[in-house]
Amino acid sequence: MLYPLTTPSRTVLDLSGLWKFMIDEEITPIDPKRPLPTEDVISVPASFNDQTASKKIREHNGFVWYETNFDIAKPLRSQRLVLRFGSATHEAWVYLNGQEIAHHKGGFTPFEVEINDYLKDSDNRLTVKLSNILDYTTLPVGNYSESTDQDGHKLRHVDENFDFFNYAGLQRPVKIYSTPADYISDITVVPDVHLAESSADVQVKVATHGEIDGVKVTILDQDGQPVVSGTSADTTLHIDHVHLWQPLNAYLYTAKVTVSRNGEVIDTYSEDFGVRKIEVKNAQFLINGEPFYFKGFGKHEDSYVHGRGINQPVNVLDINLMKDMGANSFRTSHYPYSEEMMRLCDREGIVVIDETPAVGLMVTFGFDVSMLESDDYQDDTWTKLKTADAHKQVIKEIIDRDKNHACVAMWSIANEAATFSKGSYEYFKPLFDEARQLDPQKRPCTYTSIMMATPKTDNCIGLVDVIALNRYYGWYVGNGDLKMAEQATRDELQEYSDKFPDKPIMYTEYGADTIPGLHSNYDEPFSEEFQEDYYRMASKVFDEFPHFVGEQLWNFADFQTKFGIQRVQGNKKGIFTRSREPKMVVRYLKARWTKIPNFGYKK
Ligand code: BDP
């Protein structure tokens, strides 16, 4: 799916701004044929939750309504016009001038619809009904229930089956873009790098719609100079002396595509791409033939006031903070991030593990890990959840959206699912097959494994290319006891290495809640000293294992969660606060990571 760009044949209009907004109390039906009955406003794009002083709005579960009015300049009306949502969380019904024109389920992927047939000459009214309901059929997974108030009105409840606040709304840009009536509908770029020859063959496939009889693809270098060109809709172009896209040293080429009819150029689109090779071989994660070491984070899209809404200054700051610390990567825990963030990572050379919103796939999820004491803990997740269709759909959508991104080095099919329970393999096998078949660049696939999934009990670990562990020894297990934690970390890594000698292993989560400014002479949990000791302990063990290929800690910054006795205004495992001030541990990690090379750390 193409990102909306202005080109010589296309224009993008941005509908960001103040929209009318109301929650739907489901008392008086709302008729989209009439203007939305409110004068209240909300800013788009952003989550709605933290923009008002109302607890009722912040915690509303069910439906909300958005509305804006717009005009389209006359010269554009002859073009094909497409309304495109960067995302709408979690389910959307879209009405233009009172008519339903689109419906989409899944809160973290884009969707679009042609609007020409529904437009008026002026004052078009765009209305969006959104649901933030999550249940056993959706991703993420929510525990959904209903009750009635004293007046007999229905109340809906979503209890997040995961550890982040259920922010919702129009959280990403809403745009209208134009194309000619016959147009480029998709571009797929697959680089095949010949490392020894410093060259690459880049396959560029162009999908079109309408009467097109000519396609031209020109590859431009980073200075905009043409390198090579071809003239078919499926062409493979050879680049000599190729500039590789390298971690923290990005180089982006552009595939400039023009399509024509009878010699006349009709549509133009420029897709940036990087040339790099990703392989998993001999228990190593190779980028451009060299063993890469992941240094970085699990993150969230989470900031003050914006909630989960796009916040580009914060995105830019986060990447700069990462680079300053010597980090080179992060995972889009626990959902696909905005396209704008992915484009930024392409430019900055940040290596991304791109995760689906499959989080909460464990019906017994909670902070109680006592089940770890039993070696064969089971739950009935896979008979209760009905998420397979949503999962398949989102794998398709995320690959369709992100397939060309140089920054995407691996797909994470799920976070902490009950892969130890009966039925998990049957659930995941087809999803891994699907991802591997759909990805034109054939990137490695993984999921991040929960502590109950051990080398003995995990049914699905055979499916992954890289073993990605979320582990909390010293925090949820043996809180405060770093001696025990060190041994448990070592024992488990040893067991994984012995059992899967060909698979690289990395940590995709480990961390300790830390209250900024809390200090302790006795290194107590929650103190800044404990957080540092915890990371020093883990680092020491990581360095003992040759096939341990990366450390992505939890979490980059403190973030908002639902209420809970283990959460004080959210999760405090950030090494930065929610406003991005460093905790003490940042100095230690910076010293460590700036010494660890991106390549060749584990010989
Ligand atoms: C893991 C989850 C993550 C949580 C983290 C924690 O993957 O979403 O925030 O633990 O408890 O279970 O801090």
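Residues numbered from 1 in each chain as written. Predicted model: local features only at pLDDT ≥ 70, side-chain atom pairs only at ≥ 80, totals over all residues. Heavy atoms only, no water.

- Under an unreviewed UniProt entry, the name given to the protein is Beta-glucuronidase, and the organism recorded is Lentilactobacillus buchneri subsp. silagei CD034.

### Comments concerning the pattern of salt bridges
Note that side chains of opposite charge can pair when their charged atoms are close.
Here's step 1: Under the definition given, this model contains 42 salt bridges.
Here's step 2: In this structure, Asp163 and Arg567 form a salt bridge, with 3.0 Å as the shortest nitrogen-oxygen distance. A residue pair is termed long-range when its members are at least 10 positions apart, and Asp163 in the loop between strand 11 (154-160) and strand 12 (174-179) and Arg567 in the loop between strand 30 (548-554) and helix 9 (585-595) qualify at 404 residues. For the pair formed by Asp163 and Arg567, the shared burial category is buried.
Here's step 3: Across the pair Arg490 and Glu486 runs a salt bridge, and its minimum N-O distance is 2.8 Å. Taken together, the positions of Arg490 and Glu486, both in helix 7 (residues 482-499) and 4 residues apart, correspond to about one turn of that helix. A single burial state applies to Arg490 and to Glu486, both of which are buried.
Here's step 4: Taken together, the shared-partner salt bridges in this structure form one network comprising Glu26, Glu146, Lys154 and Arg156. (Salt bridge = Lys/Arg side-chain N within 4 Å of Asp/Glu carboxyl O. Helix = DSSP H or I, 4+ residues; strand = E, 2+ residues; numbered from the N terminus. Buried < 20%, exposed > 50% of the residue type's maximum accessible area, 1.4 Å probe, protein only.)

### Here we look at the domain arrangement of the protein
Here's step 1: Partitioning the protein into domains gives domain 1 (12-179), domain 2 (183-273) and domain 3 (317-595).
Here's step 2: Measuring from the centre of the C-alpha atoms in domain 1 to the corresponding centre in domain 2 gives 36 Å. (Domains from an automatic or database assignment.)

### Overview of the site of the ligand
Here's step 1: Asp163, His334, Glu416, Tyr476 and Lys573 are the nearest of the 14 residues found near the ligand.
Here's step 2: Note that an oxygen atom of the ligand is positioned 2.9 Å from one of the side-chain N or O atoms of Asn415.
Here's step 3: At a separation of 2.4 Å, an oxygen atom of the ligand approaches a polar side-chain atom of Tyr476.
Here's step 4: Contact with the protein chains hides 95% of the accessible area of the ligand, taken as 320 Å² for the molecule alone.
Here's step 5: By residue class, the composition of the shell around the ligand is 5 nonpolar, 4 polar and 5 charged. (Near = heavy atom within 4 Å. Polar contact = N/O pair within 3.5 Å; in protein donor to acceptor, adjacent residues only side chain to side chain. Areas by Shrake-Rupley, 256 points an atom, 1.4 Å probe, with all protein chains shown as cover. Nonpolar A, V, L, I, M, F, W, Y, C, P; charged D, E, K, R; others polar.)

### Observations concerning the packing of helix 7 against helix 8 (residues 528-542)
Here's step 1: Remark: helix 7 packs on helix 8, axes separated minimally by 10 Å, with the N-to-C direction vectors making an angle of 30 degrees. Considering the angle they form, helix 7 stands roughly parallel to helix 8. You can see that helix 7 and helix 8 cross each other, and the crossing is right-handed. Touching Leu482, Ala485, Glu486, Thr489, Arg490 and Leu493 of helix 7 are Phe530, Asp533, Tyr534, Met537, Lys540, Val541 and Phe542, all from helix 8.
Here's step 2: Looking at side-chain class alone, the contact of helix 7 with helix 8 contains 8 nonpolar, 1 polar and 4 charged residues. (Axes fitted to C-alpha atoms, helices over the stretch in contact; angles between N-to-C directions. Parallel < 35°, antiparallel > 145°, perpendicular 65-115°, else oblique. Left-handed = near helix turned anticlockwise from the far one by under 90°. Contact = heavy atoms within 4.5 Å.)

### With respect to the sheet that holds strand 13 (residues 183-194)
Paired through backbone hydrogen bonds, the strands of a sheet run either parallel or antiparallel to each other.
Here's step 1: Reading across from one edge, 13-14-17 is the order of the 3 strands in this open sheet, with antiparallel pairing throughout. Each of the sheet's edge strands pairs with one partner strand only, and the pair in question is strand 13 and strand 17 (234-239). With direction set aside, neighbouring strand axes in the sheet form an average angle of 20 degrees. (Pairing = 2+ DSSP bridges.)

### Some details on the nonpolar core
Looking at soluble globular proteins, one finds that nonpolar side chains tend to be buried together.
Here's step 1: Counting residues in each nonpolar core, the largest one holds 117 residues, and the members touching the most others are Phe285, Phe297, Phe330, Phe428 and Ile575.
Here's step 2: No other element matches helix 8, which puts 7 residues into this core.
Here's step 3: In this view, Phe428 contacts Trp382, His391, Ile413, Ala414, Ala417, Thr419, Cys460 and Leu463; residues no more than four positions away in its chain are not counted. (Core = buried A, V, L, I, M, F, W, Y, C linked by side-chain atoms within 4.5 Å.)

### Overview of the packing of aromatic side chains
Here's step 1: Counted according to the given criterion, the structure contains 42 aromatic pairs.
Here's step 2: Ring geometry for Tyr510 and Tyr535: centres 5.1 Å apart, planes at 75 degrees, overall edge-to-face. Pair noted here: Tyr510 is in the loop between strand 29 (505-509) and helix 8 and Tyr535 is in helix 8, with a separation of 25 residues, a long-range link.
Here's step 3: In this structure Tyr510 comes out as buried when scored by relative accessible area, which is 1%.
Here's step 4: Taken together, the ring pairs in this structure connect Trp475, Tyr507, Tyr510, Phe526, Phe530, Tyr534, Tyr535, Phe542 and Phe548 into an aromatic cluster.
Here's step 5: Between the NZ or CZ atom of Arg58 and the centre of the ring of Phe165, over which it lies, the distance is 4.4 Å.
Here's step 6: The side chain of Arg80 reaches across the aromatic face of Tyr183, ending 3.5 Å from its centre. (Phe/Tyr/Trp six-rings, centres within 6.5 Å; stacked < 30°, edge-to-face > 60°. Lys NZ or Arg CZ within 6 Å of the ring centre and 35° of its normal.)

### Topic: the side chain of Lys572
Here's step 1: Relative to the elements of secondary structure, Lys572 occurs in the loop between strand 30 and helix 9.
Here's step 2: Beyond its immediate chain neighbours, meaning those up to four positions away, Lys572 contacts Ala512, Asp513, Thr514, Ile515, Asp558 and Lys583.

### What about the sheet that holds strand 22 (residues 290-291)?
Here's step 1: The strand order across the open sheet formed by 3 strands is 20-21-22, and the pairing between neighbours is antiparallel. The strands lining the two open edges of the sheet, one partner per strand, are strand 20 (278-281) and strand 22.
Here's step 2: Where strand 21 (residues 284-287) and strand 22 come together, 2 bridges link them in antiparallel fashion. Considered in strand 22, the bridge of Leu286 is made with Pro291.

### Describing unusual backbone geometry
Here's step 1: Cis geometry marks the peptide bond from Val44 to Pro45; its omega dihedral reads 5 degrees.
Here's step 2: With respect to the helices and strands, Pro45 occurs in the loop between strand 3 (41-44) and helix 1 (55-58).
Here's step 3: Although it is not a glycine, Val305 sits at a positive phi angle of roughly 65 degrees.
Here's step 4: With respect to the secondary-structure elements, Val305 resides in the loop between strand 23 (294-298) and helix 2 (312-325).

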